[in-house]
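Here is how the chains run, residue by residue.
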Amino acid sequence: MDLFDQIIESAQQSQPQLQQHRRPATDPARLLAGLNPQQAEAVQHGEGPLLILAGAGSGKTRVITHRIAWLVSMRGVRPSEILAITFTNKAAAEMKSRIEDLVGPASLAMWIGTFHAMMLRILRRFAALLGYDRSFTILDVDDQQKIIKSCLTELNYDEKAFAPKVVHSQISAAKNALTGADQYAREAGQDFRLSRIAKVYSLYQDKLKKSNSMDFDDILYEAVRLLSDHPEVLAEYQDRFRYILVDEYQDTNHAQYRLVRLLSDRHRNLCVVGDDDQSIYSFRGANIQNILDFEKDFKGCKVIKLEQNYRSTAMVLNAANAVIKENKGRKAKKLWTSSGAGELITFLRAENHSEEGRYIAAEINRLVTRADSACAYRDIAVLYRLNALSRSLESALREQGIPYRIFGGMRFYDRKEIKDVLGYLRLILLPGDDLALNRIIQVPRRGIGDMTLEQLAFLAAREGKSQLAICAEAAVYPELQRAAARLQAFAGQISQFRSRLLANDLSLAEYIEWVESESGLVQELVDQQGKSRLDDPVDRIENLKELLSDALEFTAGRQELRALDQAGGLAPEDQDLLAEDLPSVLASFLERAALYAEMDEDRENQDYVRLMTIHSAKGLEFGTVFLVGAEEGLFPGYRSMENEADIEEERRLAYVAITRAKRKLYITTARSRLVFGQTQNLSVSRFAQEIPSQCLEEIGGSRFRDTGAEFGRSAQAGGSRFPGMPEQNRRIPDLIRPAAPNPRTSSPIDLRKGDTVRHARFGSGRIVSCEPVAGDAIVIIEFESGERKRLLARMANLEKI
DNA sequence: CCTGTTAATTTTTTT
DNA sequence: AATTAACAGG
């Protein structure tokens, strides 16, 4: 029996019970087993607001999932009456699967997801009430930036004085604070700068409305507007969500706070979980006051503190407590553990960044190869404040042959080649999407330049039509004379793509593959391969393939929903997820791409060292943690040194970093390091100095009174001051990125040099060279015409003769 | 219209 | 150091 059948069957089994709300109680002992008194109390809490202050490693996720299971099985709460909100999609997926383990497929009827994902469901349903069309699009950061820029030029504001990035973040902050454009203008008054930003804000908002689109902040802003202005809508959701749970409450912004207030106002069964000491997202609107003021805001609330830490040794915890206690204005809280003292924290004062890197690499090798230890690469993480620091580590790890993987940085859907494909798909689906058109009309190059595009935008505005429509009738406009033929060819191509979409004769993955190849996007990358380029075209072709696997997976995922619908558990908001026709499937695929950044699946059992920023390590834990670059100016960063609030946030970041370690923590620094291309001498981070001496062993120098580099102490070339540090170079590590298995195209390519093949357009020819790429191959073929072509074998549909 | 060059600019990150 | 935006020449 495959998974799909299992889901249907178990959903059917549980269905009658669901309807009668008398799902037989899961054994209560099972839900409470192994919980400490505070955890058990939180799980069993009945009605009324509840604040769970959950320190790092205190079993927070366990408490939430068990509480939800408890509500369903012991208190007869229907799964559909539960709304659980997480900070990331990844956390949501994790929560879903853990709840499913406890209560079975009933969990599928719960609303579990991020604020944005949940609100978007509601907004689509009631889009008309807010003056949007149901099909409104979600803009990504790139699009947002572009619109801001066009606003600035339109208003004739100097882009130097008004950096688009800064303006955008001000507008974003305003929206998160629920300050609309009008109110912003009123508050700005005569202030030169603010009044101008207000103008941009208002114009920006007009543009979004005109193009029927929202940015991320609008999703929250408009959701608040919907619920505040439409009591009947609010009442429906207030009724529906009898129990609301919010994870990572310390990272909520004002708009999210409003939403929580509104939705929970009827049943008042709001449970928030968080740790004020782990609030590290204020730079994007998170308001730590939300959690600090919870008791004031939700009168009569119960507060439960989870202070017992199950993750780290006493040594690590002492260090963490010592650092965080320097912060003022936090909830009194002190983590403790019943586990042993553990190993001392190792502090390293290296001469420079390469010595730091070599030390870490050597130490990792020592840990992993040590005879007695069960320490594997997968138990080790290297954390840093800035992504840029990963570079110097990379080379050291590579030299020592240590397998590693860097997380973060470029996200999958943000890659240029992926956004290009998505751009095509967007334009095909919504021919009025001028932003998408502008993104792709020059990819691949088709002889349409900036001047033409400007004309195009102007004409589209004048005629009140979409830019694609103007392209289609380009010959009519004398202004477009020169490029008319090319514009019409482009419009023709898109319309051809659209007919194929509407023909509905392909699966999503097949269709995307068809667009990738017909648009010439693949061919462009194939052509670049070989020419020395900054980005490796082979990687980019792999990414295009990976998008296909993603589409395949997505299509499979919708089957679960259908199973759920058969069980009658699907909310009205999700009914259109059932549509099976290609345009609808594509629409939801694009929506997911806009909302879900993480495609970077980390399979936990993969044996490599993990490198990431402290931010992305939040919520994770590792046996051994290296915290690198612990220097003033880097961590805390020089930009946060001016005001106390920022320093406190950096300190919380340090707290998060330290508490990731289960058994052993290393903190490393360098006396001199390249920062933004300049060698700088930096002193030891204040956070490292706040750790009590009895927790530490120091290598290479003291934490105190060791400010910059000292002359004459630079590390001897090649050698090292540290014992046990092997000389460089062993073997080149295997390719770290696991090749994405593409179930559909995974059969091996059976082509080699010298074979004769037939191509639908170019006729037959002989393969001159063949180079494997991501389950496919780039082949160079000499055709009978004498012409040489470079092609991607599978995409070109070559027939072997 | 395209492409190769110089000049300028640097957090953290998810949605 | 490295990426990206503005710029000039083919």
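Along each chain, numbering runs from 1 in the same order as the chain's sequence is written. Ligands are numbered from 1 and chains lettered from A, in the order in which they are written. In view of the model being predicted, local features appear only for residues whose pLDDT reaches at least 70, and side-chain atom pairs are presented and counted only at 80 or more, with totals across whole chains, interfaces and linings using the full set of residues. Computation of side-chain values: all heavy atoms of the structure, hydrogens and water removed.

Residues are labelled near a given molecule or strand when at least one of their non-hydrogen atoms is within 4 Å of it. Inspection of the region around DNA strand B gives 28 residues, with N89, H116, R385, T452 and T613 positioned closest. For DNA strand B, the backbone makes up 59% of the atoms found within 4 Å of the protein, where backbone means sugar plus phosphate. At 2.8 Å from a phosphate oxygen of DNA strand B is found a main-chain nitrogen or oxygen belonging to G447. As used in this structure description, the phrase polar contact means that two N or O atoms lie within 3.5 Å; if the pair is within protein, one of them must be able to donate a hydrogen and the other to accept it, and residues adjacent in sequence are counted only when both atoms belong to side chains. Backbone polar atom of I448 to a phosphate oxygen of DNA strand B: 3.4 Å apart, as the coordinates give it. Residues belonging to the surface near DNA strand B are distributed by class as follows: 11 nonpolar, 11 polar and six charged. The nonpolar class holds Ala, Val, Leu, Ile, Met, Phe, Trp, Tyr, Cys and Pro. Asp, Glu, Lys and Arg form the charged class, and all remaining residues, Gly among them, are polar.

A word on the pattern of salt bridges. Any Lys or Arg side-chain nitrogen located within 4 Å of an Asp or Glu carboxyl oxygen qualifies as a salt bridge. Evaluation of the coordinates by the stated rule reveals 49 salt bridges. D247 is the partner of K60 in a salt bridge, and the nearest nitrogen-oxygen pair spans 3.4 Å. Taken together, the residues K60 in helix 4 (residues 60–74) and D247 in the loop between strand 6 (243–246) and helix 13 (254–264) connect sequence positions 187 residues apart. Taking the relative accessible area as the measure of exposure, D247 reaches 10% and is therefore buried. A run of DSSP states H or I qualifies as a helix once it reaches four residues; a run of E qualifies as a strand once it reaches two. Both are numbered from the N-terminal end. The rule is simple: take the accessible area with a 1.4 Å probe, protein chains only, and divide by the maximum for that residue type; under 20% is buried, over 50% is exposed, in between is partly exposed.

Checked against the element boundaries, Q467 lands in helix 22 (residues 467–472). Only heavy atoms enter the contact rule, under which two residues are in contact if any of them lie within 4.5 Å. Beyond its immediate sequence surroundings of up to four residues, Q467 is in contact with D434, L437, N438, L456, A457 and A460.

Let us now look at the packing of helix 8 (residues 164–176) against helix 11 (residues 216–229). In helix packing, the relevant descriptors are the interaxial angle and the interaxial distance, both defined with respect to the helix axes. Fitted lines through C-alpha atoms give the axes, limited to the stretch in contact for helices. The angle between two N-to-C directions lies from 0 to 180 degrees. Their axes nearest at 9 Å, the elements helix 8 and helix 11 cross at an angle of 25°. Regarding the angle of helix 8 to helix 11, the classification is roughly parallel. Where helix 8 crosses over helix 11, the two elements pack in a sense that is left-handed. When helix 8 is examined against helix 11, the residues S172, K175 and N176 are found in contact with a partner set consisting of D217, D218, L220 and Y221. These descriptions rest on fixed angle ranges, namely under 35 degrees for roughly parallel, over 145 for roughly antiparallel, 65 to 115 for roughly perpendicular, and the rest for oblique. Left-handed describes a crossing whose near helix is turned anticlockwise from the far helix by less than a right angle; the clockwise case is right-handed.

What follows concerns helix 13. Counting buried residues along helix 13, eight of its 11 residues qualify, which places the element largely inside the surrounding structure. Among the residues making up helix 13, those that are buried are A255, Q256, Y257, L259, V260, L262, L263 and S264. Capping the start of helix 13 is the job of one residue whose side-chain oxygen sits 3.1 Å from the backbone nitrogen of A255: N253.

So, about the packing of aromatic side chains. In this description, a pair of aromatic rings is defined by centroid distance and the angle of the planes. Only centres within 6.5 Å qualify two rings of Phe, Tyr or Trp (six-membered ring in Trp) as a pair; their planes then separate them into stacked at under 30 degrees, edge-to-face at over 60, and tilted for everything else. Counting across every chain of the model gives 19 aromatic pairs. Their ring planes at 85° and their centres at 5.6 Å tell us that Y249 and F294 sit as a pair that is edge-to-face. Residue Y249 is found in the loop between strand 6 and helix 13, and its partner F294 is found in helix 15 (residues 294–297); the two are separated by 45 residues along the sequence. The class of Y249 is buried, set by a relative accessible area of 0%. Overall, the relative accessible area of 0% leaves F294 in the buried class.

Take the environment of L203 next. Mapped onto the elements, L203 comes out in helix 10 (residues 192–210). Accessibility expressed as a relative area gives 17% for L203, which makes it buried. Apart from the residues within four sequence positions on either side, L203 is in contact with C151, E154 and L155.

pLDDT expresses, on a scale from 0 to 100, how confident the predictor is about each individual residue. Across chain A, pLDDT averages 84, with 87% of residues at or above 70. Of the regions scoring below 50 in pLDDT, residues 1–25 engages in 28 contacts with residues more than four places distant in sequence or in other chains. Ignoring residues within four places in sequence, the model shows residues 709–746, a span with pLDDT below 50, making 62 contacts including any to other chains.

To continue, consider the layout of surface pockets. Here a cavity means grid points, on a 1 Å grid over the protein atoms only, where a 1.4 Å probe fits yet cannot get out; a pocket means an open set of points with protein on both sides within 12 Å along at least five of seven lines; lining residues are those with an atom within 4 Å of a point. Grid points are joined across faces, edges and corners, and a volume is the space filled by probe spheres set on the points. When its volume is computed, the second largest pocket comes out at roughly 1400 Å³. Around the second largest pocket sit 34 residues that line it, and K207, D434, N438, A457 and Q467 are the ones nearest its centre. Where the lining of the second largest pocket is concerned, the elements lending two or more residues are helix 7 (141–155), helix 10, helix 20 (434–440) and helix 21 (450–463). Top element by residues in the lining of the second largest pocket is helix 21. It accounts for seven residues.

Let us now look at the sheet that holds strand 2 (residues 82–86). Here, strands pair whenever DSSP counts at least two bridges between them. Read across the sheet, six strands follow the order 3-2-6-7-1-8 without closing on themselves; strand pairing throughout is parallel. Each of the sheet's edge strands pairs with one partner strand only, and the pair in question is strand 3 (111–114) and strand 8 (302–306). Taking each pair of neighbouring strands and ignoring which way they run, the sheet shows an average axis angle of 15°. Pairing analysis gives five bridges linking strand 1 (residues 50–54) to strand 8, with the strands arranged parallel. Bridging from a neighbouring strand, I52 pairs with I304 of strand 8. Packing against the sheet, helix 3 (residues 37–44) makes contact with strand 1 and strand 8, and its axis sits at approximately 145° to strand 8. Sitting on the sheet, helix 6 (residues 115–125) touches strand 2, strand 3 and strand 6, and the angle it makes with strand 3 is about 120°.

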